[in-house]
Amino acid sequence: MAVKREENPAGSSNSLRGEVPRVFGVLKVATVEQIQQIAAPHLSYRHTDKPTPSKRKQARTASHTGALSDLRKHGLAQNGGRLPGGDRLRDLTPMGLKAAARELGRPVGGERWATRPAAPAARAPCTL
């Protein structure tokens, strides 16, 4: 008899759940397909035998969709809206941002900006 997973019902692995915060350490908001293309670009060449583009995309992104679902269950990720094409945007919650900072070895919070000098263009005042 199969045992029901209680911690991660979507069945994602630790490595997949670790990839997602690393991608969000670089991007603020992304679709599941963008996460897959950055974290595991080799999957873009799989599932080419599927009959339709939507089936191919679903097969490519299923593992990262599961990882995002499990992260959402733990309060680390959230849905951030939709693109005009219908893709959902995902982002991290404040707790997820702290987890991403730890995953990337960066200081938690805004301390990193105080320790690194900004580029000259970043220091210039914004005039609109």
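Every chain is numbered on its own, with residues counted from 1 as its sequence reads. The predicted nature of this model means local features are confined to residues of pLDDT at least 70 and side-chain atom pairs, given and counted, to a pLDDT of 80 or more, with totals for whole chains, interfaces and linings taken over all residues. Hydrogens are left out, water is left out, and the side-chain values use all remaining heavy atoms of the structure.

Caption draft 1: A look at the overall build of the protein chain. Strands here are runs of E lasting at least two residues and helices are runs of H or I lasting at least four, both read from the DSSP assignment and numbered beginning at the N terminus. Helix and strand counts for the protein chain come out as six helices and two strands. Reading the protein chain from its N end, one meets helices and strands in the order α-α-α-β-β-α-α-α. The contact criterion used throughout is that any non-hydrogen atoms of two residues lie within 4.5 Å. Taking the intrachain contacts of the protein chain between residues at least 6 apart in sequence as the baseline, contacts between residues at least 24 apart amount to 50%. Where accessible areas are quoted, they stem from the Shrake-Rupley method and a 1.4 Å probe; at the residue level, only the protein chains shown are allowed to cover. Surface summary for the protein chain: the accessible area is close to 8,800 Å², and the carbon and sulfur share equals 55%.

Caption draft 2: How the structure looks around the side chain of Thr61. With respect to the helices and strands, the residue Thr61 is situated in helix H3 (residues 53-73). Relative accessibility under 20% of the residue-type maximum defines a buried residue, over 50% an exposed one, and the middle range a partly exposed one, all with a 1.4 Å probe and only protein chains included. Among the residues examined, Thr61 registers a relative accessible area of 6% and is labelled buried.

Caption draft 3: Structural view of the pattern of salt bridges. Salt bridge criterion: a side-chain nitrogen from Lys or Arg within 4 Å of a carboxyl oxygen from Asp or Glu. Tallied over the entire structure, the rule returns three salt bridges. Two residues, Glu103 and Arg22, come together in a salt bridge whose shortest N-O distance is 2.5 Å. Linking Glu103 in helix H4 (residues 94-104) with Arg22 in helix H1 (residues 14-24), this pair joins segments that are 81 residues apart in sequence. Classification of Glu103 by relative accessible area gives partly exposed; the value is 39%.

Caption draft 4: Structural view of the packing of helix H2 (residues 32-39) against H3. All axes are obtained by fitting lines to C-alpha atoms, using only the stretch in contact for helices, and the reported angles, taken between N-to-C directions, cover 0 to 180 degrees. Between H2 and H3, the shortest axis-to-axis distance is 9 Å and the interhelical angle comes to 95°. By the angle between their directions, the pair H2 and H3 is classed as roughly perpendicular. Between H2 and H3, the contacting residues are Val32, Glu33, Ile35, Gln36 and Ala39 on the first element and Lys57, Arg60, Thr61, His64, Thr65 and Leu68 on the second. Taken together, the residues of the contact of H2 with H3 sort by class into four nonpolar, four polar and three charged. Throughout this description, any angle smaller than 35 degrees is read as roughly parallel, any larger than 145 degrees as roughly antiparallel, any in the 65 to 115 degree range as roughly perpendicular, and the remainder as oblique. Any residue outside Ala, Val, Leu, Ile, Met, Phe, Trp, Tyr, Cys, Pro, Asp, Glu, Lys and Arg is labelled polar, Gly included; the first ten of those are nonpolar and the last four are charged.

Caption draft 5: Seen up close, the pairing of strand E2 (residues 88-92). Among the five residues that make up E2, four are buried, leaving the element largely enclosed by the rest of the structure. Being paired, for any two strands, means DSSP has found at least two bridges between them. Linking strand E1 (residues 77-82) to E2, which pair antiparallel, is a turn of five residues; within it Gly86 sits at a positive phi near 110°.

Caption draft 6: Region of interest: the side chain of Asp91. Mapped onto the secondary structure, Asp91 falls in strand E2. Leaving out residues up to four positions away in the same chain, Asp91 has contacts with Phe24, Lys28, Val29, Ala77, Gln78, Asn79 and Gly80.

Caption draft 7: Layout of the nonpolar core. Definition used in this section: a nonpolar core is a set of buried Ala, Val, Leu, Ile, Met, Phe, Trp, Tyr and Cys residues joined via side-chain atoms within 4.5 Å. Ranked by size, the top nonpolar core spans 15 residues in total, and within it Val20, Phe24, Ile35, Leu68, Leu71, Ala77 and Leu92 carry the most contacts. The element that contributes the greatest number of residues to this core is H1, accounting for four residues.

Caption draft 8: Examining the packing of H1 against H2 more closely. Running from N to C, H1 and H2 point in directions that differ by 100°, and their axes come no closer than 10 Å. Between H1 and H2, the interaxial angle falls into the category roughly perpendicular. Facing H1, whose interface residues are Glu19, Val20, Val23 and Phe24, H2 presents Ile35, Ile38 and Ala39. Class assignment for the residues of the contact of H1 with H2 results in six nonpolar, no polar and one charged.

All quantities given are derived from atomic positions and should not be read as evidence of function.
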